[in-house]
Amino acid sequence: MPDLQSAYRAHHSTETAVLRVLSDILGALDRGDFAVLTLLDLSAAFDTVDYETLLRRLETSYGIRGTVLSWFASYLHERQQFVRCRNSTSMQSYILYGVPQGSVFGRILFLLYTADLIKLVKVRDLHPHLYADDTQLYGFCSPDQALALQERVTECISDVAGCGRTVFN
């Protein structure tokens, strides 16, 4: 698990995430630097995981291949869902994206899927910290570099919105 991910890990909580980010920002302000903090909440993030991208990351970033990768693929593909209300049920439909949110395994797969987001933020010389599907990205600069910092943050947000193709693919 990435060091900068504070969810679903022992001794890593919302408190440790807040303390890390707050400490970094207060340290910058004490030095006389400007600081910027942007909070990103990936809407319905667990439901948007693309299976092929996840499987490619498992192989490329984590070295998972062969039978184990096939096992992950079979876990993700061909899943179905339906709604039941009393004695009525809807038609079954295939789930094309997403990992099961209620399972421990789904959370781990989501964290592995988003771990490269840290690289995406660092490419722009910013600092990331993740908590589940929430991302804090922040940076510091001397007062005379404020516009350049603003530009890096804007570019980083644009990269995230574009799924980080330059870093992830």
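About the cut-offs
Numbers given to residues run from 1 along each chain, matching the order in which its sequence is written. Residues qualify for local features only when their pLDDT is at least 70, as the model is predicted, and side-chain atom pairs are given and counted only at 80 or more; totals for whole chains, interfaces and linings, by contrast, use all residues. To get the side-chain values, all heavy atoms of the structure are used, and hydrogens and water are removed first. Here, a strand pair is defined by DSSP locating no fewer than two bridges between the strands. Under the scheme used here, helices are H or I runs from DSSP no shorter than 4 residues and strands are E runs no shorter than 2 residues, and both carry numbers assigned from the N terminus. Axis lines are fitted to C-alpha atoms, over the contacting stretch for helices. Their N-to-C directions set the angle, which ranges from 0 to 180 degrees. Any two residues whose heavy atoms approach within 4.5 Å are treated as being in contact. By the definition adopted for this analysis, an angle is roughly parallel if under 35 degrees, roughly antiparallel if over 145, roughly perpendicular if from 65 to 115, and oblique otherwise. Put simply, a crossing is left-handed when the front helix is turned counterclockwise from the back one by less than a right angle, and right-handed when it is turned clockwise. Residues are sorted three ways: Asp, Glu, Lys and Arg are charged, Ala, Val, Leu, Ile, Met, Phe, Trp, Tyr, Cys and Pro are nonpolar, and all the rest, Gly among them, are polar.

Participant: Could you give me a rundown of the sheet that holds strand S7 (residues 134-141), with the residues and numbers involved?
Facilitator: Strand order in the open sheet formed by three strands is S1-S7-S6, with antiparallel pairing between adjacent strands. Among the strands making up the open sheet, the edge pair consists of strand S1 (34-41) and strand S6 (127-131). Sheet twist, expressed as the mean angle between neighbouring strand axes with direction ignored, is 15°. Of the strand pairs in this sheet, S1 and S7 are connected by eight bridges, and their pairing is antiparallel. Each residue of the ladder has a partner; that of Ala35, found in S7, is Phe140. Running at roughly 15° to S7, helix H1 (residues 14-30) makes contact with S1, S6 and S7 of the sheet.

Participant: Before we move on, could you go through the packing of helix H2 (residues 51-62) against helix H3 (residues 66-76) and cite the residues and values that matter?
Facilitator: What describes two packed helices is the angle between their axes and the distance between those same axes. In contact at an axis separation of 11 Å, H2 and H3 are set at 160° when each is read in the N-to-C sense. Between H2 and H3, the interaxial angle falls into the category roughly antiparallel. Note that H2 runs across H3; the crossing there is right-handed. Contact residues: H2 offers Tyr51, Leu54, Leu55, Leu58 and Glu59, while H3 offers Leu69, Phe72, Ala73 and Leu76. Here the contact of H2 with H3 is built from residues that sort into eight nonpolar, no polar and one charged.

No statement about biological role is implied by the geometric values presented.
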